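Geometric and topological summary
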Amino acid sequence: MDAGEQALFAASVRQATAGRSGADLDAALDELGWRDALAADPRVAVATLFEQQGAAGATSSALDAVVLGALGLDPMPGIGVVLPPLGRTDPPGSVAGELLAVAGLGTAGLVGRDRVVVVAAGGPGGPGDPVDDGDHRCVAAVVDVADLAPRTVHGIDPLLGLVEVSGGRVPPTSRSDPPPGAWTAAVAAGQRAVAHELVGAARAMLDLARQHALERVQFGRPIAGFQAVRHRLAETLVAVEAADAALAAAWDDGSPFAAGVAKAVAGRSARTASRHCQQVLAGIGFTTEHPLHRYVRRVLVLDRLLGDARTLTRRLGEDLLAARALPSILPL
């Protein structure tokens, strides 16, 4: 897309996410042709939608399409995908003969679907085969949602609508062997998408805090003039811009390592934003009448989806120590 097309596309996505969520947003995105944009220009499609989605506090099944596309599967509207449990990035399924054991999460749209894709560790070659998707061969199996007993996760952010999916002996309706590295690529694509959503939520929190600082008057002047408030807002802006720069570098680099770094930085930055903005907003920020709590709840969960900041940082460091080599410095 050229600059004009990107601006028009961003305006259309912004309008779609305003006041819509869940199935309504999915329908609006289908009408907008977002899936076509994802196929034509993944970077623009993902960055635009997920940042707007994070800013609006909306939900959709777009993450399913991103992950399925990275797996090399057709991201059809009627099929979802099972994601790893919170804090993890390994395949959510394992092969047991002709059956599957599944333990993972689904997006809010999974309940309304008939079928879902489960990536499982273990396959035709059996455990121990030398492959680059962990220690086991990976297979992609299509499973009936009814066999997974989906359960809505209420938790700290019930509006996100995550669904727990599990099954001990699940018969797949079909299965295929993704190319080597497909699961790693799918996790990286999902991490970039969720990182954009974290950035969108962090920017929204910063805007709420900035507006409050301009309007709230103490001792005869707006609190935006107080040094302590200005420092918190400045540190939040630095954190958000750092996450945005890490994401841009991850898209340019294209490696799973860079995607993991971007996700870790975005998670840490969003938590920094929630902490500082809560302090700037003070008492009003603790009330359910103010929208800040919805963003705080959202970033706490999104930080853990496809690996949280602490776990990813530790794992990336361990990988560097094992490789005894540093990757090229990303142009931030």
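Residues numbered from 1 in each chain as written. Predicted model: local features only at pLDDT ≥ 70, side-chain atom pairs only at ≥ 80, totals over all residues. Heavy atoms only, no water.

Here the focus is the packing of aromatic side chains. Inspection of the entire model under this criterion finds zero aromatic pairs. We note Arg192 situated over the ring of Trp251; from NZ or CZ to the ring centre the distance is 4.6 Å. (Phe/Tyr/Trp six-rings, centres within 6.5 Å; stacked < 30°, edge-to-face > 60°. Lys NZ or Arg CZ within 6 Å of the ring centre and 35° of its normal.)

What follows is about the environment of Ala249. Along the chain, Ala249 turns up in helix α7 (residues 227-253). A relative accessible area of 1% places Ala249 in the buried class. Here the alpha-carbon distance between Ala249 and Ala262, two residues 13 residues apart in the chain, equals 8.2 Å. (Helix = DSSP H or I, 4+ residues; strand = E, 2+ residues; numbered from the N terminus. Buried < 20%, exposed > 50% of the residue type's maximum accessible area, 1.4 Å probe, protein only.)

Before going further, it helps to spend a moment on the pairing of strand β4 (residues 115-121). Of all seven residues making up β4, six are buried, and the element is well covered by its neighbours. Bridge count between strand β1 (residues 79-81) and β4: three bridges; the pairing is parallel. Looking at β4, one finds that Gly80 is bridged to Val116. Alignment of strand β2 (residues 93-96) against β4, held across two bridges, turns out to be parallel. Paired with Ser94 across the strands is Ala121, a residue of β4. Bridge analysis of β4 against strand β5 (residues 138-144) gives seven bridges, and the strand direction is antiparallel. Paired with Arg115 across the bridge in β5 is Asp144. (Pairing = 2+ DSSP bridges.)

Before going further, it helps to spend a moment on the packing of helix α8 (residues 256-281) against helix α9 (residues 292-304). Relative orientation of the contacting elements α8 and α9 amounts to 160 degrees, with a least axis distance of 10 Å. When the axes of α8 and α9 are compared, the pair comes out roughly antiparallel. In the crossing of α8 with α9, the sense of the turn from one axis to the other is left-handed. In contact with Lys263, Gly267, Ala270, Arg271, Ser274, Cys277, Gln278 and Leu281 of α8, α9 contributes Leu292, Val296, Val299, Leu300, Leu302, Asp303 and Arg304. (Axes fitted to C-alpha atoms, helices over the stretch in contact; angles between N-to-C directions. Parallel < 35°, antiparallel > 145°, perpendicular 65-115°, else oblique. Left-handed = near helix turned anticlockwise from the far one by under 90°. Contact = heavy atoms within 4.5 Å.)

Below, the discussion takes up helix α10 (residues 309-323). For α10, with 15 residues, the first-to-last C-alpha span of 21 Å sits near the 21 Å given by 1.5 Å per residue. Summarising the contacts, the buried residues of α10 are in contact with α6 (182-215), α8 and α9. Two to three positions downstream of the cap, the backbone nitrogen of Arg310 sits 3.2 Å from a side-chain oxygen, assigning the N-cap of α10 to Asp308. The first or second residue beyond α10 is Arg324, which carries a positive phi of 55 degrees. (Expected span 1.5 Å × (residues − 1). Polar contact = N/O pair within 3.5 Å; in protein donor to acceptor, adjacent residues only side chain to side chain.)

When you line up the elements, His212 lands in helix α6. Using a relative accessible area of 18% as the deciding quantity, one classes His212 as buried. Discounting residues that sit within four places of it in the chain, His212 has contacts with Ile223, Val280, Leu281 and Ile284.

Ranked by size, the top nonpolar core spans 77 residues in total, and within it Trp34, Phe50, Leu63, Val66 and Leu305 carry the most contacts. Element by element, the count of residues in this core is highest for α6, at 17 residues. Grouped together as the second largest cluster of nonpolar side chains are 15 residues, Val116, Val118, Ala120 and Ala141 included. (Core = buried A, V, L, I, M, F, W, Y, C linked by side-chain atoms within 4.5 Å.)

What follows covers unusual backbone geometry. Phi at Ala149 is positive, roughly 50 degrees, even though this residue is not glycine. Inspection of the secondary structure puts Ala149 in the loop between β5 and β6 (151-152). The exposed category is assigned to Ala149, whose relative accessible area is 52%. Phi at Ala282 is positive, roughly 55 degrees, even though this residue is not glycine. With respect to the helices and strands, the residue Ala282 is situated in the loop between α8 and α9.

Moving on, we get to the pairing of strand β3 (residues 99-106). Pairing between β2 and β3: four bridges, direction antiparallel. Note that in β3 the partner of Ser94 across the bridge is Ala101. With antiparallel pairing between neighbouring strands as the criterion, β2 and β3 make up a hairpin whose turn holds two residues, including Gly97 at a positive phi of roughly 70 degrees. As paired elements, β3 and strand β7 (residues 163-170) share six bridges and run antiparallel to each other. Of the residues in β7, the one forming a bridge with Val102 is Gly167.

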